[in-house]
Amino acid sequence: MSENFENHRLRSILWIVKQLEEGPLSLMELNKRWVRDVGISGGEEIERRTFNNYIHAIDDLLGISIECNRKNKYRYEIVGRERSSLSKWMLTNFEQQLALERGFVLKDRILMEEPPRGHEFLRMLVDAMTTSRMVRFVFKDFNDDEPFEVEGAPYALKFFQQRWYVVINDDFGCTPFSLDRITEMGLMDKSFEMDPGFDAKEYFKYCFGVRVNETAKPSKVLLKIAAIQRDYIRHLKLHHTQKELETHGDYSIFELTVVPTIELTMKLLSMGYLVEVLAPEQLRKTMEIESKRLYDVYH
């Protein structure tokens, strides 16, 4: 299959999901919308056989089940609303892509950040993970003068703060590497078998960011967030374990269950006086030390 065909197929199934998320539709009703959207349809209807193939692909690729409800005039509808983080990402990016394509004439008025570096290695890593192939790459750390070579099994991918990371399993265990620090990469002839006990969600479950301390136990982190900031925290959670325990007029108390890391400290410091760490004591002490260092910089 050509790359153009695969791209159109992916765009088509994402388009169908977005339409059905608005409500059930018959194939005739869906085709009316499809034909109107000339950018994706070319003005031609979806044949029933092609549509059925798309339904199967949506289930295989996104884990989203679509069924025909005979009692509702043979309309197709999404059954079950559970979404994986990957399918949410794909659907959100697709919606953004369509909006940006239609607004390309406004390119001087639509301002974007630079895309994450290292994305050119994503396809190779996904291929390696799919076929259980080892990879070899050259990595240049910010804190090391010389680059070094890494060989290992790609176990997982994670996106965090505008960077892609790959979790490599080798003789030293699992280690995340940022793709933007990789200078070259290749597939190896060696294959690998996944550790049946490895679960990417569990691996990062109590991690804020990508630094995982597998020997440390997670802590209950209590944060006092000023009222001016709490709506931001509610809508863009600091961590998936986040809970709002108390709500007061001028502040709220939030709880996270995480292993405190330098990444969490830096995030909290970036919020300035709008956040106070109440517990654990060690993290509170770290925040105090870092705040004094920041004070010294300006005095």
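Thoughts on the sheet that holds strand β6 (residues 173-178)
And then number 1: Ordered in space as β6-β5-β4-β3-β7, the 5 strands form an open sheet in which the pairing is antiparallel. Among the strands making up the open sheet, the edge pair consists of β6 and β7 (182-191). Within this sheet the neighbouring strands show an average axis-to-axis angle of 45°, counted without direction.
And then number 2: Pairing of strand β3 (residues 133-139) with strand β4 (residues 148-160) involves 5 bridges; the strand directions are antiparallel. Bridge pairing links V138 to E149 in β4.
And then number 3: Across the sheet, helix α6 (residues 122-131) lies against β3, β4, β5 (163-170) and β7, angled at about 95° from β4, the strand it touches most.

A closer look at unusual backbone geometry
And then number 1: For the bond from A279 to P280, the omega torsion is 0°, close enough to zero to count as cis.
And then number 2: Mapped onto the fold, P280 is located in the loop between β11 (275-279) and α10 (281-298).
And then number 3: Positive phi is not limited to glycine here, since K73 has a value of about 55°.
And then number 4: Topologically, K73 is positioned in the loop between β1 (65-69) and β2 (75-79).
And then number 5: Phi at Q161 is positive, roughly 50°, even though this residue is not glycine.

Things to note about the nonpolar core
And then number 1: Formed by 31 residues in total, the largest nonpolar core has its most connected members in L223 and L268.
And then number 2: Every element with two or more residues in this core is listed here: β4, β5, β8 (219-226), β10 (251-258), α9 (262-270), β11 and α10.
And then number 3: In terms of nonpolar packing, the next biggest core, distinct from the first, is built from 25 residues, I13, W15, L25 and L30 among them.

Describing the confidence of the model for the chain
And then number 1: On average, residues of the chain carry a pLDDT of 89, and 97% of them reach 70 or more.
And then number 2: The secondary structure element of the chain with the lowest average pLDDT is helix α5 (residues 85-102), at 73, and the one with the highest is β10, at 97.

Describing the packing of aromatic side chains
And then number 1: Taken as a whole and judged by the stated rule, the model has 11 aromatic pairs.
And then number 2: Consider the rings of F160 and F208, whose centres lie 5.8 Å apart with planes at 85°: the pair is edge-to-face. Here F160 is found in strand β4, whereas its partner F208 is found in the loop between α7 (200-203) and β8, with 48 residues between them in sequence.
And then number 3: We classify F160 as buried; its relative accessible area is 15%.
And then number 4: Look at Y203 and F204: their rings are 4.9 Å apart centre to centre, the planes differ by 80°, and that puts the pair in the edge-to-face class.
And then number 5: Judged by relative accessible area, Y203 falls into the buried class, the value being 12%.
And then number 6: On the basis of relative accessible area, F204 is assigned to the buried category, the value being 10%.

Remarks on the side chain of E263
And then number 1: When you line up the elements, E263 lands in helix α9.
And then number 2: A polar side-chain atom of E263 sits 3.3 Å from the main-chain amide nitrogen of V210.

Let's talk about the sheet that holds strand β9 (residues 243-247)
And then number 1: Taken in spatial order, the 4 strands of this open sheet run β9-β10-β8-β11, and their pairing is antiparallel. Each having just a single partner strand, β9 and β11 make up the two edges of the open sheet. The average angle at which neighbouring strand axes cross in this sheet is 30°, direction not considered.
And then number 2: With 4 bridges joining them, β9 and β10 adopt antiparallel strand pairing. By the bridge assignment for β10, E244 is matched with F254.
And then number 3: Strands in contact with helix α8 (residues 227-235) are β8, β9 and β10; relative to β8, the strand with the most contacts, it is inclined by about 130°.
And then number 4: Strands β8 and β11 of the sheet are contacted by α10, whose axis makes an angle of about 145° with β11.

Notes on the environment of K32
And then number 1: Tracing the backbone shows K32 in helix α2 (residues 27-36).
And then number 2: Here K32 falls in the exposed class, since its relative accessible area comes to 52%.
And then number 3: The sequence separation of K32 and L222 amounts to 190 residues, and the corresponding C-alpha distance is 52 Å.

Reading guide: rules and limits
- Residues numbered from 1 in each chain as written.
- Predicted model: local features only at pLDDT ≥ 70, side-chain atom pairs only at ≥ 80, totals over all residues.
- Heavy atoms only, no water.
- Pairing = 2+ DSSP bridges.
- Helix = DSSP H or I, 4+ residues; strand = E, 2+ residues; numbered from the N terminus.
- Axes fitted to C-alpha atoms, helices over the stretch in contact; angles between N-to-C directions.
- Contact = heavy atoms within 4.5 Å.
- Core = buried A, V, L, I, M, F, W, Y, C linked by side-chain atoms within 4.5 Å.
- Buried < 20%, exposed > 50% of the residue type's maximum accessible area, 1.4 Å probe, protein only.
- pLDDT = per-residue confidence, 0-100.
- Phe/Tyr/Trp six-rings, centres within 6.5 Å; stacked < 30°, edge-to-face > 60°.
- Polar contact = N/O pair within 3.5 Å; in protein donor to acceptor, adjacent residues only side chain to side chain.

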